[in-house]
Amino acid sequence: MRIDNAVQSIFAPHGPAAAILDRLGRTLTLVGVAITVVMLILIIVALRRRPRSDDPVATPLARFERDGRLGVSWMIIGTVVTVAILIWASVYTVRVLAADPQQLARARTTIRVTGYQYWWKVEYLDSAGHTDILTANELHVPAGVRVRLDLVAADVIHSFWIPGLAGKTDLIPGMHTAMWFEADAPGDFRGQCAEYCGLSHANMRLDVVAQAAADYAAWQGAQRQVPVVDSAVAKILLDHGCATCHSLSGQMAGRGAPDLTHLALRSTIAAGILDNTAANLRAWLLDPQSLKPGTLMPRTGLTGAEVDRVVAY
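Residues numbered from 1 in each chain as written. Predicted model: local features only at pLDDT ≥ 70, side-chain atom pairs only at ≥ 80, totals over all residues. Heavy atoms only, no water.

## Observations concerning the overall build of the chain
For step 1, the next point in the chain: In terms of regular secondary structure, the chain is built from eight helices and 15 strands.
For step 2, the next point in the chain: Residue burial in the chain is summarised as follows: out of 313 residues, 39% are buried.
For step 3, the next point in the chain: Considering only intrachain contacts with a sequence separation of at least 6, the fraction spanning at least 24 residues in the chain is 59%.
For step 4, the next point in the chain: Surface exposure of the chain reaches about 17300 Å², of which carbon and sulfur atoms provide 62%. (Helix = DSSP H or I, 4+ residues; strand = E, 2+ residues; numbered from the N terminus. Buried < 20%, exposed > 50% of the residue type's maximum accessible area, 1.4 Å probe, protein only. Contact = heavy atoms within 4.5 Å. Areas by Shrake-Rupley, 256 points an atom, 1.4 Å probe, with all protein chains shown as cover.)

See below:
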């Protein structure tokens, strides 16, 4: 079964990490709804209460004193019940979430994700902690395998969020945070930066592609292949300053922008806002600001012929 989870929803968990949060959220929501209903009933009863004509307490002052004592009793009862519910909710939440850090040690794949304005750098680490595969804005993971994400912010605070697979985890400059998830079955899952990080924050998206073991191995093999670089295209990119930020296998070693080595293997460009088609890539190279306001990529100055050559490559 293939899951199309382009609509980001916390109510459709497709993995154990998301299921834990789904159960916690639904439980606390039901408790909150029950409390609200009880409070509304009590308010309605109080509003409908009127002094009886045969009330033995004759004077208004006496009735006020009596009702005041009754009100204090209800305040004490309400305070005790409220404290009990808050203590239960706190203990329940801590117990549910306490198991989360233990899952990190069980991860079989480690991926380092670095948040930039406004894109994601993705590095697959080997057993020694070195980068084995470098890509951007797209995570391919094996279905049914626990994955650890080491999260780093390169500039400002970002927040990594794939609603169908896990909860939000912040990326904070100068700190390393970590999270885990596991996809139950092959499928595509849409994610988003969930912490406002600047003008194009809403355009900082991310796709997770969970694959069967054989498909994931094939993807890894394709990523590890060294591509044949067109020297004419490399010269065009170098002449126009692309090497300042971008890297390209054996030709450019820039930093701060997505690696271009296997760009053609990605399903989207511009951090998930455009399908990876020749027309979209051409438009992006000609005027990135018109498609993604605030992006740090300036106009390239490429001529139409140069853009056609780069897109064809």
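From this point, things continue past the structure.
## Some details on the nonpolar core
For step 1, the next point in the chain: Within the largest apolar cluster, 37 residues are counted, with the highest numbers of intra-cluster contacts made by I111, L139, L149, F160 and F181.
For step 2, the next point in the chain: Top element by residues in this core is strand β6 (residues 147-153). It accounts for four residues.
For step 3, the next point in the chain: Discounting chain neighbours no more than four positions away, the residues touching I111 are V122, E123, Y124, L139, V141, V147, R148, L149 and D150.
For step 4, the next point in the chain: V233, I269, L302 and V307 belong to the second largest nonpolar core, which has 17 residues in total. (Core = buried A, V, L, I, M, F, W, Y, C linked by side-chain atoms within 4.5 Å.)

## Focus: the pattern of salt bridges
For step 1, the next point in the chain: Across all of its chains, the model carries ten salt bridges by this definition.
For step 2, the next point in the chain: With a closest N to O distance of 2.5 Å, R190 and D207 form a salt bridge. Separated by 17 residues along the polypeptide, R190 in strand β10 (residues 187-193) and D207 in strand β11 (residues 205-211) bring together distant segments of the chain.
For step 3, the next point in the chain: With a relative accessible area of 11%, D207 lands in the buried category. (Salt bridge = Lys/Arg side-chain N within 4 Å of Asp/Glu carboxyl O.)

By themselves, these observations are geometric and do not establish any function.
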